[in-house]
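# Fold and geometry: a report
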Amino acid sequence: MVTLAEVAQHAGVSASTVSYVLSGKRSISGATRQRVEQSIRELGYHPNAGARALASSKSNIIALMVPLRTDMYVPVMMEIAIAVATTARMHGYDVLLLTGEEGPDAVRRVTGSGLADAMILMDVQLDDERLPLLRGTDQPSVLIGLPADTSGLTCVDLDFKATGALCVEHLAMLGHRDIAVIGEAAAVYERHTGFAERTLDGLRSRARELGVRLLHRPCDGGYDAMAVTLARILDERPDTTGFVVQNESAVEPMLALLRQQGRAVPEDVSVVAVCPDQVATQASVRLTSVSIPAQEMGRHAVERLVAKLDGHGKDEVVLIAPELTVRASTGPAPVRS
């Protein structure tokens, strides 16, 4: 392993000069800095992270809090996490992944230990218990998600309210007047998770404006749960011809059950999904969908956090506009005899 002293000898400077170049604590001439940086590259020197943190009071680490719950679609969470890690590395930061359901305790652990310079929080609830701690600390943070009260916070998210409205508009434009929503697991709504609640708000508000009947039923996903949910919907609203699905694990079971019942998609019923493009395009019927912009969400969050760390960030809410892609699963509402 290359040492700082070896870098100094290679560059023809003192060890303290190399240290000042790395820490930025003293002004070093451009020529000397370039010579030291060239030696660092040629020798492949990597400063000891612990020593560097002690010297600069910085860890160059971002803590990413992403509770991995069994009722959430983990691939989307991980895609966002990978986007965070990739973007952070481009800015010279590494990512510490905290996956436990610790809530406020995780925030206290990070702020009280100096583990990380800043935090990104995911799985945000409308009245998230972590928020008072974030507002009470000087440590920079960004939420990937939207709580009910965004004052004093920086938030990045897909505009899920507009997403719900867009799904209803598309089906209503095709003539569907009875629409059912297959939602996330009941526990997601019981926690008042922001993205699910906001989607539902958008669906209901736009349905009222357009005079469309809307029925929402949570679903745990999987074939058996989907069979029970679909049977209940068609029993309560037998004239349902439009479905909005915000539950990736329910997509394929639902399409299979509709086939078994002799309901053709899109001739008899239309289906719109809120899901990653991969889920939509690989389904047995290519789904009209609003995509989850995981890469964009992760990138925006890191960029705003780095701006805060650099001293010129501000509290703001960044909502990414939804985009609906029409595929094979939606068509005109069938004519009732």
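As a convention, each chain's residues are numbered from 1 in the sequence order in which they are written. The model is predicted, so local features are restricted to residues of pLDDT at least 70 and side-chain atom pairs to those at 80 or more, both for listing and for counting; the totals for chains, interfaces and linings are taken over all residues. The basis for every side-chain value is the complete set of non-hydrogen atoms in the structure, without hydrogens or water.

This part is about the domain arrangement of the protein chain. Domain boundaries assigned for the protein chain yield domain 1 (4–47), domain 2 (61–158 + 294–320) and domain 3 (160–292). Throughout, the edges of the domains are those of an automatic or database domain assignment. For domain 2 versus domain 3, the separation of C-alpha centres amounts to 29 Å. A combined buried area of about 1,400 Å² lies between domain 2 and domain 3, and 60% of that area is made up of carbon and sulfur atoms. Salt-bridge detection follows one rule: a side-chain nitrogen of Lys or Arg within 4 Å of a carboxyl oxygen of Asp or Glu. Our count for the domain 2 to domain 3 interface comes out at one salt bridge. Aspartate 71 serves as the salt-bridge partner of arginine 191, at 2.9 Å between the closest nitrogen and oxygen. Polar contact is defined as a pair of N or O atoms within 3.5 Å, subject to the rule that within protein one atom must be able to donate a hydrogen and the other to accept it, and that residues adjacent in sequence are counted only when both atoms are side-chain atoms. Between domain 2 and domain 3 we count seven residue pairs in polar contact (both at pLDDT 80 or more) in total. In this description a helix means any DSSP run of H or I spanning at least four residues, a strand means any run of E spanning at least two, and both kinds are numbered starting from the N terminus. Broken down by secondary-structure element, the contributors of at least two residues to the side of domain 2 that touches domain 3 are β5 (155–158) and α14 (294–309). Summed over both partners, the accessible area lost on bringing two parts together, with a 1.4 Å probe, is the buried area.

The next subject is the packing of aromatic side chains. Aromatic rings from Phe, Tyr and Trp, taking only the six-membered ring of Trp, are treated as a pair when their centres fall within 6.5 Å; an angle between ring planes under 30 degrees marks them as stacked, one over 60 as edge-to-face, and anything in between as tilted. Across all of its chains, the model carries one aromatic pair by this definition. Between the aromatic rings of phenylalanine 160 and phenylalanine 195, the centroid separation amounts to 5.6 Å while the plane-to-plane angle is 55°, which identifies the pairing as tilted. With phenylalanine 160 in helix α8 (residues 160–173) and phenylalanine 195 in helix α10 (residues 194–210), this residue pair connects regions lying 35 residues apart in the sequence. To sort residues, take the accessible area from a 1.4 Å probe on protein chains only and compare it with the maximum for the residue type: under 20% means buried, over 50% means exposed, and anything in between is partly exposed. What makes phenylalanine 195 buried here is its relative accessible area of 17%.

Moving on, we get to α10. Residues spaced three or four apart along an α-helix face the same direction, because each turn holds 3.6 residues. With 17 residues, α10 extends 24 Å between its outermost C-alpha atoms, agreeing within 8% with the 24 Å of an ideal straight helix rising 1.5 Å per residue. When α10 is considered as a whole, its buried residues turn out to be Gly194, Phe195, Ala196, Thr199, Leu200, Gly202, Leu203, Ser205 and Ala207. Residues are treated as being in contact if the distance between any of their heavy atoms lies within 4.5 Å. Against α8, β6 (178–183), α9 (186–190), β7 (213–218) and β8 (242–245) lie the buried residues of α10. Where α10 ends, the next residue or the one after it, glycine 211, has phi of about 70°, a positive value. To estimate the expected span of a helix, count its residues, drop one, and scale the result by 1.5 Å.

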